[in-house]
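Notes for the structure review
Listed below, chain by chain, are the residues.
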There are 2 protein chains.
Amino acid sequence: MLRISKLTDYGTVILVHLTRQARLCPASDVAADTGIALPTVQKLLKTLGKSGLIESARGAEGGYRLSKAPHDISAADILDALEGPLAITECSGDDSSCEHESNCSAGGAWQQINTAIRKALLDVSLAEMRNPSNEFPLVYRVLGEAGVQQQNEASELITGISKDNP
Amino acid sequence: MLRISKLTDYGTVILVHLTRQARLCPASDVAADTGIALPTVQKLLKTLGKSGLIESARGAEGGYRLSKAPHDISAADILDALEGPLAITECSGDDSSCEHESNCSAGGAWQQINTAIRKALLDVSLAEMRNPSNEFPLVYRVLGEAGVQQQNEASELITGISKDNP
DNA sequence: GTATATTGGACTAAAATAGTCCTATATTAA
DNA sequence: TTAATATAGGACTATTTTAGTCCAATATAC
């Protein structure tokens, strides 16, 4: 249902990789080590750099590294960096002129949900993502029932919420 | 960052509308009352019908109504119905052959987050979404920082998490 | 100076989303 | 039985987003 994009998932893999590197790590190394295509890695590293999650050095011996400790980077940070601050509502902008406004009272609840989700995202750090006990394969669509089930079967690790509403 | 689709938002508006209708409500009425284009309303009502959230009657005097009490319909139900069970991971499928698997250890954390989010979604019912104290305009991208800020400014209702990571 | 890297942005291709429309079927009421 | 009203199902197009690639410019180390 809700989903993270493939690039965000790749980005997470890259960040996790960087938590394991002591020194500056060029994009080519990251690509080689993660198996993600170099152009894609370059693009992601640039994006992550702009958001301040990683820092870079140009030139020979240059590369990228985390700009703060893995423990201080949350899942929310990663999503903000890679999925952009594009959470703008169509009708909450400056020149808002939503023709549904008078009939609409559903938006508020999504705010409530938003807050809860944000909390969950702030609660998970990159350090936890690195945890080797999690042996899941690359996941880029995680937030749905089918995915949970499939991965339960695959890994038998999730103590997931069984979602069957009467 | 994470976002719900426009159609999901519309669908929520429609469901909220139906909570206020005692009798069968034809698509044309829903469209007229919500301001959403009729073809779109028809499409959404069909989808919601298939998922079992609403029930329908054909023919003259026919229409749609909720199939259970608003209190028994959760946000998770709505998302499952409208965004589909498309939460399938690229590399957790049957013929999984993810070339990153050996290098990837980031997937597990998303599961953790998934569980937390799912909890949040199960916790909000359609009855709460209907609450008239929520006077937000139609929202179809809610789960990001910018959106929260904008809507804070607009409504001053959210006691949101101020998200500034050091 | 040369090789190594990042930076920034343009660009294309692919996929998901949004929106529309048509035909078939069921129901009610006159 | 006919006419009017509605949903059911699906095909279809257009738009937008996402994914992925590439190039020229700039900075650094040796």
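Predicted, not measured: the structure shown is a model, and the values here were computed from it.

**Some points on the overall build of chain A**
- Along the backbone of chain A there are seven helices and two strands.
- Put simply, chain A has 166 residues, and 52% of those count as buried.
- By sequence separation, contacts in chain A at least 24 residues apart represent 65% of the contacts at least 6 residues apart.
- Here chain A has roughly 7,800 Å² of accessible surface; of this, 46% comes from carbon and sulfur atoms.

**Here's the deal with the pattern of salt bridges**
Residues and elements named next belong to chain A.
- As enumerated under the stated definition, the model contains three salt bridges over all chains in all.
- Asp 80 is the partner of Arg 118 in a salt bridge, and the nearest nitrogen-oxygen pair spans 2.7 Å. You can see Arg 118 sitting in helix α5 (residues 107-122) and its partner Asp 80 sitting in helix α4 (residues 75-83), a full 38 residues away along the chain. Neither residue differs from the other here; Arg 118 and Asp 80 are each classed as buried.

**Here's the deal with the nonpolar core**
- Within the largest apolar cluster, 68 residues are counted, with the highest numbers of intra-cluster contacts made by Leu 45 of chain A together with Leu 45 of chain B.
- Residues in contact with Leu 45 of chain A, not counting those within four places in the same chain, are Ile 14, Leu 18, Ala 27, Val 30, Ile 54 and Tyr 64 of chain A.

**Here's the deal with the protein's contact with DNA strand D**
- As a matter of local geometry, DNA strand D sits amid 25 residues, with Lys 6 and Lys 43 of chain A together with Lys 46, Ser 56 and Arg 58 of chain B nearest to it.
- For DNA strand D, a phosphate oxygen lies 2.8 Å from a polar atom in the side chain of Tyr 64 of chain B.
- Secondary structure elements with two or more residues in the surface near DNA strand D: α1 (6-19) and α3 (38-50) of chain A together with α3 (38-50), β1 (54-57) and β2 (63-66) of chain B.
- Split by residue class, the surface near DNA strand D holds 10 nonpolar, six polar and nine charged.

**Observations regarding the protein's contact with DNA strand C**
- Lining the immediate environment of DNA strand C, one finds 24 residues, of which Ser 56 and Arg 58 of chain A together with Lys 6, Lys 43 and Arg 58 of chain B sit closest.
- The sugar and phosphate moieties of DNA strand C supply 68% of its atoms located within 4 Å of the protein.
- Residue Arg 58 of chain B places a side-chain N or O atom 2.8 Å away from a sugar or linking oxygen belonging to DNA strand C.
- Mapped onto the surface near DNA strand C, the elements with two or more residues apiece are α3, β1 (54-57) and β2 (63-66) of chain A together with α1 (6-19) and α3 of chain B.
- Residues that form the surface near DNA strand C fall into these classes: 10 nonpolar, six polar and eight charged.

**As for the packing of α1 of chain B against helix α2 (residues 27-34) of chain B**
All names here are of chain B.
- Packing of α1 against α2 leaves a shortest axis separation of 10 Å and a crossing angle of 105 degrees. Judged by the angle between their axes, α1 and α2 are roughly perpendicular. Note on element contacts: α2 touches α1 through Val 30, Asp 33 and Thr 34, opposite Val 13, Ile 14, His 17 and Leu 18.
- Taken together, the residues of the contact of α1 with α2 break down into four nonpolar, two polar and one charged.

**Considering the environment of Gln 21 of chain A**
All names here are of chain A.
- Within the fold, Gln 21 resides in the loop between α1 and α2 (27-34).
- Looking at Gln 21, the relative accessible area reads 29%, which means it is partly exposed.
- Spatially, the C-alpha atom of Gln 21 lies 9.0 Å from that of Leu 66, the residues being 45 residues apart in sequence.
- Of the polar contacts made by the side chain of Gln 21, one reaches the side chain of His 17; its length is 3.4 Å.

**With respect to the pairing of β1 of chain A**
Residues and elements named next belong to chain A.
- Where β1 meets β2, four bridges bridge the pair, whose relative direction is antiparallel. Residue Ile 54 lies in a different strand from β2, and its bridge partner there is Leu 66.
- Hairpin remark: β1 followed by β2, antiparallel, with five residues in the connecting loop; positive phi at Gly 59, about 75 degrees.

**Brief notes about the environment of Val 41 of chain A**
Residues and elements named next belong to chain A.
- Mapping Val 41 onto the fold places it in helix α3.
- Residue Val 41 is classed as buried on the basis of its relative accessible area of 0%.
- C-alpha of Val 41 to C-alpha of Ile 14: the two residues are 27 residues apart in sequence and 7.8 Å apart in space.
- Not counting the four nearest positions on each side in its chain, Val 41 is found in contact with Ile 14, Ala 27, Val 30, Ala 31, Thr 34 and Ile 36.

**A closer look at the environment of Ala 75 of chain B**
- Mapped onto the elements of the fold, Ala 75 of chain B is located in helix α4 (residues 75-83).
- For the pair formed by Ala 75 of chain B and Val 124 of chain B, sequence separation is 49 residues and the distance between their alpha carbons is 5.7 Å.

**Here we look at α4 of chain B**
- For α4 of chain B, the buried fraction is high: nine of the nine residues fall into the buried class.
- Turning to α4 of chain B, its buried residues number three or more, namely Ala 75, Ala 76, Asp 77, Ile 78, Leu 79, Asp 80, Ala 81, Leu 82 and Glu 83 of chain B.

**Comments concerning α2 of chain A**
- Among the residues of α2 of chain A, Ala 27, Val 30, Ala 31 and Thr 34 of chain A are the ones counted as buried. On an axial view of α2 of chain A, the arc spanned by its buried residues comes to 100 degrees, and they lie on one face.

Definitions and limits used
Residues numbered from 1 in each chain as written. Chains lettered and ligands numbered in written order. Predicted model: local features only at pLDDT ≥ 70, side-chain atom pairs only at ≥ 80, totals over all residues. Heavy atoms only, no water. Helix = DSSP H or I, 4+ residues; strand = E, 2+ residues; numbered from the N terminus. Buried < 20%, exposed > 50% of the residue type's maximum accessible area, 1.4 Å probe, protein only. Contact = heavy atoms within 4.5 Å. Areas by Shrake-Rupley, 256 points an atom, 1.4 Å probe, with all protein chains shown as cover. Salt bridge = Lys/Arg side-chain N within 4 Å of Asp/Glu carboxyl O. Core = buried A, V, L, I, M, F, W, Y, C linked by side-chain atoms within 4.5 Å. Near = heavy atom within 4 Å. Polar contact = N/O pair within 3.5 Å; in protein donor to acceptor, adjacent residues only side chain to side chain. Nonpolar A, V, L, I, M, F, W, Y, C, P; charged D, E, K, R; others polar. Axes fitted to C-alpha atoms, helices over the stretch in contact; angles between N-to-C directions. Parallel < 35°, antiparallel > 145°, perpendicular 65-115°, else oblique. Pairing = 2+ DSSP bridges. Arc of directions from axis to C-beta.

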